[in-house]
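# Examination of the molecular architecture
One letter stands for each residue in the lines below.
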Amino acid sequence: MITTGHPKIKTKVDATMLTEQEKLPLANREKDKGNEAFRAKDYEEAVAYYSRSLSIKPTVAAYNNRAQAEIKLKHWHNAMSDCLRVLELEPGNMKALLRRATVYNHMGNFRMAAEDLRVVLREEPQNAAATQLLSETEKKMKECQPELQRKGKKILIQEVEEEDDDCNKDEAEAEAEQSAIFNTI
């Protein structure tokens, strides 16, 4: 038995004795329970029910929903796994790309996040969530790479040597005194 953070809910259902026609309604019922838990903001329970649904019959919707619940729980690696699984089953799935971009963004991989968001916006130019996340991601990229932000501007690096025998200065202060960076405007 595999359980999640919700100790009372098993995450696997033994569906070996069920026919394919019996599996789909049962899997959908478990997914619907996950949706109810998600709406109630009980994301741990939602993950458990989506996992149950997936153990009966894996579907793109259940993987996508579980990824969103994992994002709410900040379980980035689990969310990424579910997004990748969706994209294996259905390449170009917009929800999975948007969710994967969200995960990349939170993990600090802004370039990959921006790449996924641009794909989403090529297909869905009016997608407000993708537009907003791309704007935030590009801002973070610029903050992390100021040299790209200031493209074409010159930077003057000037070394300053001082003869100061003050032993109380730490290394950071000494380094700061030895080099000053001026940005030309």
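Fair warning: this is a prediction, and the values are worked out from it, not measured in the lab.

What counts, and where the lines are drawn
Residues numbered from 1 in each chain as written. Predicted model: local features only at pLDDT ≥ 70, side-chain atom pairs only at ≥ 80, totals over all residues. Heavy atoms only, no water. Helix = DSSP H or I, 4+ residues; strand = E, 2+ residues; numbered from the N terminus. Contact = heavy atoms within 4.5 Å. Core = buried A, V, L, I, M, F, W, Y, C linked by side-chain atoms within 4.5 Å. Buried < 20%, exposed > 50% of the residue type's maximum accessible area, 1.4 Å probe, protein only. Salt bridge = Lys/Arg side-chain N within 4 Å of Asp/Glu carboxyl O. Axes fitted to C-alpha atoms, helices over the stretch in contact; angles between N-to-C directions. Parallel < 35°, antiparallel > 145°, perpendicular 65-115°, else oblique. Left-handed = near helix turned anticlockwise from the far one by under 90°. Nonpolar A, V, L, I, M, F, W, Y, C, P; charged D, E, K, R; others polar. Phe/Tyr/Trp six-rings, centres within 6.5 Å; stacked < 30°, edge-to-face > 60°.

## Regarding the overall build of the protein
Of the regular secondary structure elements, the protein holds nine helices and two strands. A fraction of 49% describes how many contacts in the protein between residues 6 or more apart in sequence connect residues 24 or more apart.

## Notes on the nonpolar core
With 25 residues, the main nonpolar core has Val103, Leu117 and Ala130 as its most contacted residues. Only helix H3 (60-72), helix H4 (76-89), helix H5 (94-106), helix H6 (110-123) and helix H7 (128-144) provide two or more residues apiece to this core. In terms of residue count, H5 provides more of this core than any other element does, seven residues in total. Filtering out sequence-adjacent residues up to four positions away, Leu117 remains in contact with Leu98, Ala101, Ala130, Leu133, Leu134 and Thr137.

## Focus on the pattern of salt bridges
Pairing is possible between side chains that carry opposite charge, provided their charged atoms lie close to one another. Under the definition given, this model contains 10 salt bridges. One salt bridge connects Glu30 with Arg52, and the closest N-O pair in it is separated by 2.7 Å. Residue Glu30 is found in helix H1 (residues 20-39), and its partner Arg52 is found in helix H2 (residues 43-56); the two are separated by 22 residues along the sequence. A single burial state applies to Glu30 and to Arg52, both of which are buried. Within this structure, Glu20, Lys23 and Lys57 form a network of salt bridges that share partners.

## Section: the packing of H3 against H4
Contact geometry for H3 and H4: axes closest at 8 Å, N-to-C directions at 160°. Relative to H4, the element H3 is oriented roughly antiparallel. Seen along the crossing, H3 lies across H4 with a hand that is left-handed. In contact with Val60, Tyr63, Asn64, Arg66, Ala67, Glu70 and Ile71 of H3, H4 contributes Trp76, Asn78, Ala79, Asp82, Cys83, Arg85, Val86 and Leu89. Here the residues of the contact of H3 with H4 sort into nine nonpolar, two polar and four charged.

## What about unusual backbone geometry?
One non-glycine residue with positive phi stands out, namely Lys41, at about 65°. Its identity as a non-glycine residue notwithstanding, Lys74 has a phi of 65°, on the positive side.

## Here we look at the packing of aromatic side chains
Counted under the stated rule, the structure contains one aromatic pair. With a centroid separation of 5.0 Å and an interplanar angle of 65°, the aromatic rings of Phe38 and Tyr43 are classed as edge-to-face. Take Phe38: its relative accessible area is 22%, and that puts it in the partly exposed class. Taking the relative accessible area as the measure of exposure, Tyr43 reaches 16% and is therefore buried.

## Quick notes on the environment of Ala62
Along the chain, the position of Ala62 falls in helix H3. A relative accessible area of 0% places Ala62 in the buried class. Taking the C-alpha atoms as reference points, Ala62 and Val47, 15 residues apart in sequence, are found 9.5 Å from one another.

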